[in-house]
Each structure stands twice: as structure tokens, then as C-alpha cells.
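For reference, the chains in residue letters:
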Amino acid sequence: MASTPSPYGAVSPPGATPPSATPTAGWTNWAGNQRATATTVLRPSTVEHLADAVRAAATAGRRIKVVGSGHSFTDIAAATDLRIELSNLGGPIRVDREQRLATVPAGLELRTVNALLASHGLAMPNLGDIDAQTVAGALSTGTHGTGASYGCLSTFVEALTLVTGNGETRHCSATTDPELFAAARVGLGALGIITEVTLRCVDAFVLRADERPAPLATVLADLPNLIEENDHFEFYWFPYTDRVQVKTNNRVPLDDRPLPRFRGWLDDEFLANTVFAGACRLGRAVPGLVRPINAISARALTARSYTGRSDQVFCTPRRVRFTEMEYGLPRAALPEALTALRRVVDGLPFKVQFPVEVRFTAPDDIWLSHGHQRESAYLAIHQYVGAPYEPYFRAFEREAIELDGRPHWGKLHYRDAASLRTVYPRFDDFVAVRDRLDPGRVFANAYTERVLGA
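Residues numbered from 1 in each chain as written. Predicted model: local features only at pLDDT ≥ 70, side-chain atom pairs only at ≥ 80, totals over all residues. Heavy atoms only, no water.

What follows is about the overall build of the protein. Summing up its helical and strand segments, the protein has 14 helices and 19 strands in all. At 22 Å, the protein has a C-alpha radius of gyration in line with the 22 Å of a compact globule built from 454 residues. Relative to its full complement of 454 residues, the protein shows a buried share of 56%. Contacts spanning at least 24 positions in sequence make up 74% of the contacts within the protein whose residues lie at least 6 apart. (Helix = DSSP H or I, 4+ residues; strand = E, 2+ residues; numbered from the N terminus. Rg over C-alpha atoms; globule rule 2.2 N^0.38 Å. Buried < 20%, exposed > 50% of the residue type's maximum accessible area, 1.4 Å probe, protein only. Contact = heavy atoms within 4.5 Å.)

Following the sequence through the fold, Ser154 ends up in the loop between α3 (135-140) and β8 (157-163). Side-chain polar atoms of Ser154 contact the backbone oxygen of Leu139, separated by 3.1 Å. When sequence neighbours within four positions are dropped, the list of residues in contact with Ser154 reads Leu139, Arg185, Val186 and Ile366. (Polar contact = N/O pair within 3.5 Å; in protein donor to acceptor, adjacent residues only side chain to side chain.)

A word on the pairing of strand β18 (residues 376-384). For a regular strand, side chains alternate in direction, first toward one face of the sheet and then toward the other. Of all nine residues that make up β18, nine are buried, and the element is covered over most of its length. Neither face of β18 is exposed, since Ser376, Tyr378, Ala380, His382 and Tyr384 on one face and Ala377, Leu379, Ile381 and Gln383 on the opposite face are all buried. Looking at chain direction, strand β16 (residues 322-330) and β18 are connected through nine bridges and run antiparallel. Of the residues in β18, the one forming a bridge with Pro330 is Ser376. Taken together, the five bridges between strand β17 (residues 356-361) and β18 define a ladder with antiparallel strand orientation. Paired with Phe360 across the bridge in β18 is Ala377. (Pairing = 2+ DSSP bridges.)

One non-glycine residue, Gln373, lies in positive phi territory at about 60 degrees. If you trace the backbone, Gln373 turns up in the loop between β17 and β18. Overall, Gln373 belongs to the exposed group, its relative accessible area being 58%. Even without glycine at this site, Asp404 takes up a positive phi of about 70 degrees. With respect to the helices and strands, the residue Asp404 is situated in the loop between α11 (390-402) and β19 (406-407). Judged by its relative accessible area of 36%, Asp404 falls in the partly exposed class.

Another aspect to go through is the environment of Leu82. For Leu82, the location among the structural elements is in strand β4 (residues 82-85). Using a relative accessible area of 0% as the deciding quantity, one classes Leu82 as buried.

All right, on to a nonpolar patch on the surface then. A cluster of nonpolar side chains, contributed by Leu282, Val286 and Leu289, occupies part of the molecular surface with about 210 Å² of accessible area. Inspection of the secondary structure assignment puts Val286 in the loop between α7 (261-285) and α8 (290-300). (Patch = residues over 30% accessible without salt bridge, like charges linked within 9 Å, V, L, I, M, F, W, Y side chains within 5 Å. Areas by Shrake-Rupley, 256 points an atom, 1.4 Å probe, with all protein chains shown as cover. Salt bridge = Lys/Arg side-chain N within 4 Å of Asp/Glu carboxyl O.)

With that out of the way, let us pick up the pattern of salt bridges. With the rule as written, the count across this model stands at 31 salt bridges. Residues Asp52 and Arg55 are paired through a salt bridge, measuring 2.4 Å at the closest nitrogen-oxygen approach. You can see Asp52 and its partner Arg55 sitting in helix α1 (residues 47-60), three residues apart, about one turn around the helix. In this structure, Arg359 and Glu326 form a salt bridge, with 3.0 Å as the shortest nitrogen-oxygen distance.

Averaged over all residues, the pLDDT of the protein equals 92, while 93% of them reach at least 70. Within the model, the stretch residues 1-19 combines pLDDT values under 50 with 45 contacts to residues more than four positions away or in other chains. (pLDDT = per-residue confidence, 0-100.)

Turning next to the sheet that holds strand β9 (residues 169-173). If you trace the five strands from one edge of the open sheet to the other, you get β5-β6-β10-β8-β9, paired in antiparallel fashion. A single partner strand is all that each edge strand has here, and the edge strands are β5 (94-96) and β9. In this sheet, neighbouring strand axes are inclined to one another by 15 degrees on average, regardless of whether the strands run parallel or antiparallel. As defined by bridge partners, β8 adjoins β9 across five bridges and the pair is classed as antiparallel. For Thr161, the partnering residue across the bridge sits in β9 and is His171. (Axes fitted to C-alpha atoms, helices over the stretch in contact; angles between N-to-C directions.)

Structural data, given as C-alpha cells:
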């Protein structure tokens with residue numbers, strides 16, 4: 001079948017501006033810690049146009065990066081030549097209710113997909129705590145939620161389609177090109193541009209959320225039971241305290257205890273965002289107040305229990321901006337990692353304002369998934385935007401490396417290819433697939449060169 005003539009056929013010599021494109025456009029991520037200026041921004045409307053743009057860029061020796069909603073903290077999406085945005089790349093949305101499969105454009109945001117699935121009586125089996133990422137961005141970085149029986153979101157992919165570095169459109173699944181499928185589900189944007197994803201869904205379900213404060217020692221003592229006896233379990237540790245906030249989400253048959261609208265606004269908007277933002281600004285301005293603020297926050301939290309549609313319980317608004325590092329560790333290493341983290345926090349020349357998030361996932365078989373072939377515990381550390389973070393993150397990373405840790409691809413870390421090769425058994429297999437699909441490094445940038453090698 002002949003392809004539609006591309007408006008991007010003029011992507012040839014560096015500096016040339018393709019028709020229907022935006023020249024010289026700046027970009028920043030959600031946290032504001034990554035910025036890049038592309039020479040040209042392309043917004044293809046069809047897969048054929050996208051493939052033409054990739055072929056033209058490859059011929060001209062240019063580089064392309066796709067950006068989603070900017071929720072990665074690393075420079076994984078930073079584009080200094082051609083930037084592609086998939087917001088105009090639609091395509092048919094196909095939902096097979098009987099087989100519980102949904103095929104969607106990769107540029108859709110998760111919140112849009114969640115609403116679409118709900119309208120068909122379906123849902124994602126698990127989600128993280130925000131839904132602002134695009135489907136492609138969430139999969140490519142290994143975005144995950146929590147739950148001992150659940151891997152990262154990429155484990156719910158039944159099939160995907162991508163455009164490779166020579167402009168070829170490839171489809172893969174567990175039975176069609178399984179090697180590519182094992183690599184591309186967490187592909188870092190290095191193998192190609194994902195255009196379409198088929199998701200394996202479940203029947204829509206209701207969750208009962210229980211949130212309560214607790215002593216850290218009590219939670220650690222009962223950790224195996226908390227992980228195994230709840231569908232989804234996580235906790236937040238407040239630095240400089242011995243207190244945590246425990247969160248469990250479990251499936252229930254009825255949505256019979258919905259959160260009152262006022263309580264939802266009070267907890268999730270006013271306290272978790274407005275008041276917390278004010279406390280962070282105060283702590284940044286007067287560091288001596290951080291310890292008492294954290295102590296008050298840890299004690300002031302009250303228990304609550306409610307039911308709701310699964311995605312609306314999993315995902316909560318995040319309006320307070322921050323920087324973040326997250327490490328996946330062998331689950332048995334969690335107590336040692338927390339002890340080391342407490343030493344790191346106590347030894348810093350500045351204060352840590354944000355709680356530390358701890359989550360759990362099941363093993364999977366995806367080559368560059370943080371959960372590849374092991375049960376994982378994740379520790380996510382944060383700092384309020386504008387507050388110092390690098391000494392904190394580097395010190396924790398040194399401890400995580402000693403415990404065989406794997407950094408989240410979309411969150412700040414300082415590892416390189418030589419270091420990462422030691423913790424990913426299929427690392428070289430992934431690089432070999434990249435060599436075949438993108439021999440000219442059309443999709444490379446500074447981040448991929450650092451973590452995968454040039």
C-alpha cells in the first residue's frame with residue numbers, strides 16, 4: 001500500500017525547517033530540572049508521516065527525541081535537534097470487551113486511557129500514583145505501582161507497534177518477534193517511536209483504601225504479612241522521625257464507602273497540596289524548621305478508609321513540584337537500605353523535606369525492567385523544587401549500588417552503561433537489539449549514550 005506523502009520530507013540538511021513544523025522551541029519537564037531547545041518540533045498526524053520524518057532524519061544524520069508529558073526527572077526526553085510530539089498522532093481505538101484488550105495510540109495520557117476503559121467496564125490491573133504520563137512514556141521508563149502480585153505497567157502490554165531508526169514500522173508481541181517484545185516494553189525511547197499499544201485489561205473493579213499512621217518499627221516487623229495479605233501496600237517514611245503513613249488498597253465488591261467530597265478536597269487538595277506546599281516553602285526558607293514540621297506532619301495525619309473506582313483510588317493529584325530518585329532493590333534488602341538511608345539523611349548538610357515512598361512489585365521477564373527476575377522493593381526519595389538534592393541523591397545511590405540496586409529510568413540517577421551492565425543480565429542483548437533497530441542512533445541523546453553506551 002502506498003504511503004501518504006509526508007509533510008516532513010524536507011527534513012534533510014541540519015537547520016532546515018520542515019513544512020508544518022515549529023522551529024526553535026524550548027521545552028522543560030514537569031519538575032523544571034530539565035530543559036532543552038530543539039531546532040524543530042514535529043507533530044505528525046499519521047504513522048506514515050512519522051516514518052517519513054524518521055527516514056529523512058536518518059538520511060540527514062539528524063537526531064530525534066519524542067516527548068510526552070514531561071514527567072521524567074532525567075534528561076531521557078531532552079531533544080536538541082528534532083523533537084517529536086505525538087499529540088496529533090491519533091489512530092483507531094479498539095476495545096475488545098470479551099478478550100479484555102484495548103489498543104490505543106501511544107501518545108494518550110494514562111488518565112484518558114483510564115476513563116476510556118471505565119466506559120467499557122474495564123480497567124488497568126494496577127497503576128502508579130499519578131496518571132499524567134503518556135502511555136509510551138510510562139512504559140518506556142518502567143513506571144510501576146505497588147503490589148506483590150504485579151509487575152510494572154509494561155507487564156500489561158499484549159502487543160505494541162513502533163517505528164525504528166530506518167523508518168520501518170514493526171509490530172511485536174509475545175508470539176510475534178518476541179525478542180523485540182522483551183526489549184521494547186521498557187525501551188527508554190532507544191529502539192524506536194512507539195505508536196500504538198495493546199493493553200491487557202481486567203474487568204472494572206472497586207478498591208477499598210485504608211490509610212493510617214504507624215511506627216516504622218511496627219511496619220518493618222510485620223512487613224511480610226503486610227506485603228502478602230494486601231493487594232497493594234506501600235508506606236511513606238517521614239525523615240527525622242520514627243513514623244510512617246501506611247496505605248493499602250484492596251479489591252472489594254461494592255463501592256459502598258465513597259470518600260465524601262469535602263474530605264477528599266480537604267485531604268488530597270488542601271492538606272496534601274496547598275498546606276504541604278506552604279510547609280515546603282517555609283522549610284526551604286528556614287531549614288531549622290524542617291525537623292519539627294516533619295514531626296508535626298507525621299503525628300497530624302489521621303486514618304481514613306474509603307472505596308472508589310480503581311484508577312481514582314490509585315491516582316492522586318500531585319501539585320507540589322519536586323525532584324526524585326527511585327531505586328529498585330531486592331526485597332530482602334529493604335531493612336538494610338532504610339537503615340543506610342537514615343544515616344544518609346542524618347549526615348546531610350541540609351534538610352530533607354519530603355517523605356520517602358516505599359513500594360513493592362513482582363518479578364517480570366522484561367530485559368530492562370527494574371523488576372527483571374526478582375521481587376523488588378522500591379525506595380523513592382524526593383526534595384522540594386529549588387531545594388538542594390544532588391548530595392542527598394548521590395549518597396543514597398552509593399548505598400543502593402552496594403545492595404544491587406537498579407535506578408528508575410525516568411528518575412534522577414548517575415549511573416552509566418558499565419555500571420548498569422552489572423545489574424541487568426540481558427543488558428547486552430538489549431544493546432544488540434538497539435544496534436539492529438537504530439544503527440545510526442537517530443533516537444540517541446546524552447542520556448541514552450550515558451546509560452547504554454555510545
